[in-house]
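Spelled out, the chains give:
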Amino acid sequence: MTPDLMEAGAERIARHGGPVDHAPQTESGGRAAGYGRHATGEVDVTHGRILYLEDVSVSFDGFKAINKLSLDIAPGELRCIIGPNGAGKTTMMDIITGKTRPDEGTVFFGSTIDLLRHKEAEIAQLGIGRKFQKPTVFEHLTVFENLELALKTDKGVKASMLFRLDSAQSDRLAEVLHTIHLEDSVQRLAGNLSHGQKQWLEIGMLLMQDPKLLLLDEPVAGMTDEETARTAELFLTLKGKHSLMVVEHDMSFIRTISEIVTVLCDGSVLAQGTLDEVQADERVIEVYLGR
Ligand SMILES: Nc1ncnc2c1ncn2[C@@H]1O[C@H](COP(=O)(O)OP(=O)(O)OP(=O)(O)O)[C@@H](O)[C@H]1O
Ligand SMILES: [Mg+2]
């Protein structure tokens, strides 16, 4: 990252009374979670950034889906990303998680991990969890079994069959069940849960791996108002312990959870600030919010 970008980010966070002060970095590195956390160590956030992208571009058949995109996120921050269809929001997540390689630019996790040097599975193991829009839980397994499975997916078949939760993992599972409000549904088949509950279960599966950064693409799409409200509460409890990047079109949800909102358009940042600030921005009204 250039010193300019770092300074700009630090200033911005200070201006918004940002999360760095009151949100210590996640303690995930010290936990004895089994799945996927081997040999990663802590992410170096001494520069106040858990994630930064600088001048990232990618084209598909000559069409620039991401165009000189620069963005950074502080440890413990809950960043909301909004923008019109086709703005490049999902593509940005594809780049961060290694699903899509950019043509140019820089993508760092903390100040030392160059994500462009890592494959998709490695990036997940480094502590970046991603939630796609459609829930992908195992419908024929119980809530408990789904969460348990999240701890053993990197093990071989035999090791998985012999796998038993140790006490730290059991504690973690109980904590996650509580966080996602599914304590009373622990023995229910995932297939019998509501759409919202399935989404929470999938978030719970990500939490079992204790990710430092969570990327959530349209998490409340298709949820009832009550489920949406509970999801907002959930994200507010996750903030600080994890860093979150949330893409949503639901503005009332964004209003409930947001600190800094980034507006993407045509593959780059059009505006950034509080929701009130970006909603008052003429350019944002023009391309997204309508008159
Ligand atoms: N693999 C791909 N091949 C070709 N074009 C792609 C590919 N992935 C994305 N695009 C194009 O890139 C642009 C950005 O798409 P993207 O899905 O990132 O938008 P988005 O902001 O997530 O939109 P939405 O709000 O509708 O989800 C779109 O024009 C899309 O058609
Ligand atoms: Mg999308």
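Residues numbered from 1 in each chain as written. Chains lettered and ligands numbered in written order. Predicted model: local features only at pLDDT ≥ 70, side-chain atom pairs only at ≥ 80, totals over all residues.

### Digging into the overall build of the protein
A tally of regular secondary structure across the protein gives twelve helices and ten strands. A total of 291 residues make up the protein; the buried ones form 45% of that total. Contacts in the protein between residues at least 24 apart in sequence constitute 70% of all its contacts with a sequence separation of at least 6. (Helix = DSSP H or I, 4+ residues; strand = E, 2+ residues; numbered from the N terminus. Buried ≥ 20, exposed ≤ 12 C-beta atoms within 10 Å, placed from the backbone. Contact = placed C-beta atoms within 7 Å.)

### Observations concerning the sheet that holds strand β6 (residues 128-131)
Reading across from one edge, β6-β7-β8-β3-β9-β10 is the order of the six strands in this open sheet, with mixed pairing throughout. At either end of the open sheet lies a strand with only one pairing partner, and these are β6 and β10 (268-273). Across the sheet, the mean angle separating the axes of adjacent strands is 20° when strand polarity is ignored. Along the sheet, helix α12 (residues 282-289) makes contact with β3 (78-82), β9 (261-265) and β10, crossing β10 at roughly 120°. (Pairing = 2+ DSSP bridges. Axes fitted to C-alpha atoms, helices over the stretch in contact; angles between N-to-C directions.)

### Some points on the site of ligand 1
As a matter of local geometry, ligand 1 sits amid F60, A65, G83, N85, G86, A87, G88, K89, T90 and T91. Residue classes in the shell around ligand 1 are distributed as three nonpolar, six polar and one charged. (Near = placed C-beta within 6 Å. Nonpolar A, V, L, I, M, F, W, Y, C, P; charged D, E, K, R; others polar.)

### Topic: the sheet that holds strand β1 (residues 51-60)
Here we have four strands laid out as an open sheet, ordered β2-β1-β4-β5, and antiparallel in their pairing. Whereas interior strands pair on both sides, the edge strands pair on one side only; in this sheet they are β2 (63-73) and β5 (113-114). In the sheet, β1 pairs with strand β4 (residues 104-109) via five bridges, with the strands oriented antiparallel. The residue of β4 that forms the bridge with Y52 is F108. With respect to the sheet, helix α3 (residues 89-96) is in contact with β1, β2 and β4, its orientation differing from that of β2 by roughly 65°.

### Points about the packing of helix α7 (residues 167-179) against helix α8 (residues 195-208)
Relative to each other, α7 and α8 sit at 145°, their axes nearing to 10 Å. Of the two elements, α7 crosses α8, and the hand of that crossing is right-handed. Note on element contacts: α8 touches α7 through G204, L207 and M208, opposite R172, L173, V176 and T179. A breakdown of the residues in the contact of α7 with α8 according to their chemical character gives four nonpolar, two polar and one charged. (Left-handed = near helix turned anticlockwise from the far one by under 90°.)

### Some remarks on the pairing of β1
Relative to β2, β1 runs antiparallel, the two being bridged by seven bridges. Following the sheet pairing, L51 is matched in β2 by I73. In sequence, β1 turns back onto β2 through a hairpin of two residues, with D61 there showing a positive phi of about 50°.

### A short note on the environment of V45
Considering the arrangement of structural elements, one finds V45 in the loop between α2 (19-22) and β1. Note on V45: 22 C-beta atoms within 10 Å, which makes it buried. Considered as a pair, V45 and A74 are 29 residues apart in the sequence and their alpha carbons are 8.3 Å apart.

### Remarks on the nonpolar core
Generally speaking, a soluble globular protein has its nonpolar side chains buried in company with each other. Core analysis: the largest hydrophobic core is formed by 77 residues, its most contacted members being I96, L201, V246 and V263. Per-element accounting of this core gives the leading share, seven residues, to α8. When neighbours within four sequence positions are excluded, I96 is seen to be in contact with L51, V107, L115, I128 and L215. (Core = buried A, V, L, I, M, F, W, Y, C linked by C-beta atoms within 7 Å.)

### Comments concerning α8
The terminal C-alpha atoms of α8, which comprises 14 residues, lie 20 Å apart, in line with the 20 Å expected from a rise of 1.5 Å per residue. Burial of α8 is extensive: 13 of the 14 residues sit out of reach of the surface. The positive-phi residue at the C-terminal boundary of α8 is D210, with phi of around 50°. (Expected span 1.5 Å × (residues − 1).)

### Thoughts on the pairing of strand β8 (residues 243-247)
Within β8, five of the five residues are buried, which leaves it mostly tucked inside the rest of the structure. Neither face of β8 is left uncovered, since the one carrying S243, M245 and V247 and the one carrying L244 and V246 both have all their residues buried. Here β3 pairs with β8 via four bridges, running parallel. Bridged to R79 within β8 is M245. In this sheet, β8 lies alongside strand β7 (residues 213-217) in parallel orientation, the contact comprising five bridges. When the bridges of β8 are listed, L214 appears paired with L244. Assessed by its sense of winding, the connection that carries the chain from β7 through helix α9 (residues 225-238) to β8 is right-handed. (Right-handed = clockwise from strand over helix to strand, strands pointing away.)

### Quick word on the environment of A190
Considering the arrangement of structural elements, one finds A190 in the loop between α7 and α8. Overall, the presence of 23 C-beta atoms within 10 Å leaves A190 in the buried class. Distance from A190 to E139, taken between C-alpha atoms, is 4.6 Å for residues 51 residues apart in sequence. Apart from the residues within four sequence positions on either side, A190 is in contact with V137, F138, E139, L141, T142, V143, N146, K198 and L201.

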